[in-house]
Structure formats: structure tokens, C-alpha cells
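Remarks on the overall topology
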Amino acid sequence: MSKYLLIASRDPFESQDVERFYKLAEALAEAKHQVTLFLVQNGVLPARKSEQSAKLERLVQRGVRVLADAFSLDERGISDDRLTPAVQRSPIGVVIDELSAGAKTLWS
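Just so we're clear, the structure is a prediction, and the values are computed from it rather than from any experiment. As a convention, each chain's residues are numbered from 1 in the sequence order in which they are written. Local features in this predicted model are restricted to residues whose pLDDT is 70 or higher, and side-chain atom pairs enter the listing and the counts only when it is 80 or higher, whereas totals over whole chains, interfaces and linings include all residues. Remark: hydrogens and water are excluded; side-chain values derive from all non-hydrogen atoms of the structure.

1. With respect to the sheet that holds strand β5 (residues 104-107)
When DSSP finds two or more bridges between a pair of strands, those strands are recorded as paired. Numbered from the N terminus, helices here are DSSP runs of H or I no shorter than four residues, and strands are runs of E no shorter than two. The parallel open sheet is built from five strands, whose spatial order is β4-β3-β2-β1-β5. Edge strands, defined here as strands with exactly one partner in the open sheet, are β4 (88-90) and β5. Sheet twist, expressed as the average angle between the axes of neighbouring strands with direction ignored, equals 25 degrees. Bridge count for strand β1 (residues 3-8) against strand β2 (residues 34-39) is six bridges, and the pairing is parallel. When the sheet's bridge partners are listed, Lys3 is paired in β2 with Gln34. For every element, the axis is a line fit to its C-alpha atoms; helices are fit only across the contacting stretch, and the angle between N-to-C directions ranges from 0 to 180 degrees.

Set out below in C-alpha cells:
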């Protein structure tokens, strides 16, 4: 079992690549790998309760840990009460922690 850190920075409302990235996270989790999806920049937009957030909720149900960069959330005016329960607000330092722990990292 390997550790994976997937960093999603794209807005899923603008890029079809995001859907493929989510599917990769799900496939890795189903293969019993430890997967963290870290949302940053415009990648935090589906963290708001919306139709798009259902995809993140599905990932969590499959075993993916979904985190959203606190700074990116603040910059976009997304407060904690507007977050879907599947997503946890997190400092960017989590990325450094995951990298230092040897997580294989992909950025989209």
C-alpha cells in the first residue's frame, strides 16, 4: 500500500481534467492505497455545498481524505458554514507533511 497526495488546483466548472483526477483518486483508494486529495486555488470551489460537492462526498465514502487549503477558501469567501461536510479546512503545511512522509504526489 502506497500513500498518494493529489493536489487539485483547477476549477471543475471550467476543466474536464478535474473529473479524471477525481476518478484517479477513487481508483487509488479502491486499490487500497492511502489517498489524500488536497484542494487549492480554484480547486476549492466544489468544497462549497453544491451539485459539484457530491463528487467530493463520493470520494470520502470511497476512503479518500479530502482537504481544502484554508488560504484558498478565505480568498474566495468560502466560510466553514458553507463547506460540504466531506471537506476539511486545512493549512498548506499538510502538503509538506505528506511530502516528507514519502507520499507520491500528483498536481493538476
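2. Things to note about helix α1 (residues 17-30)
What a helix should span is 1.5 Å times the count of its residues minus one. If you check α1, its first and last C-alpha atoms are 20 Å apart, about what 14 residues at 1.5 Å a residue would give, namely 20 Å. Exposure is judged per residue with a 1.4 Å probe applied to protein chains only, and the accessible area is read against the type maximum: over 50% gives exposed, under 20% gives buried, and values in between give partly exposed. Regarding α1, the residues found buried are Val18, Phe21, Tyr22, Ala25, Glu26, Leu28 and Ala29. Looking straight down α1, one finds that the buried residues subtend no more than 165 degrees of arc, so they occupy a single side. Of the residues flanking the end of α1, it is Lys32, one or two places downstream, whose phi is positive at about 70 degrees. The directions considered for the arc run from the helix axis to the C-beta atoms.

3. Focus on unusual backbone geometry
In this structure, Lys32 takes a positive phi of about 70 degrees despite not being glycine. Along the chain, Lys32 turns up in the loop between α1 and β2. Residue classification places Lys32 among the exposed positions, given a relative accessible area of 63%. Within the chain, Gln41 stands out as a residue other than glycine whose phi angle is a positive 50 degrees. As for its placement among the helices and strands, Gln41 is situated in the loop between β2 and α2 (53-61).

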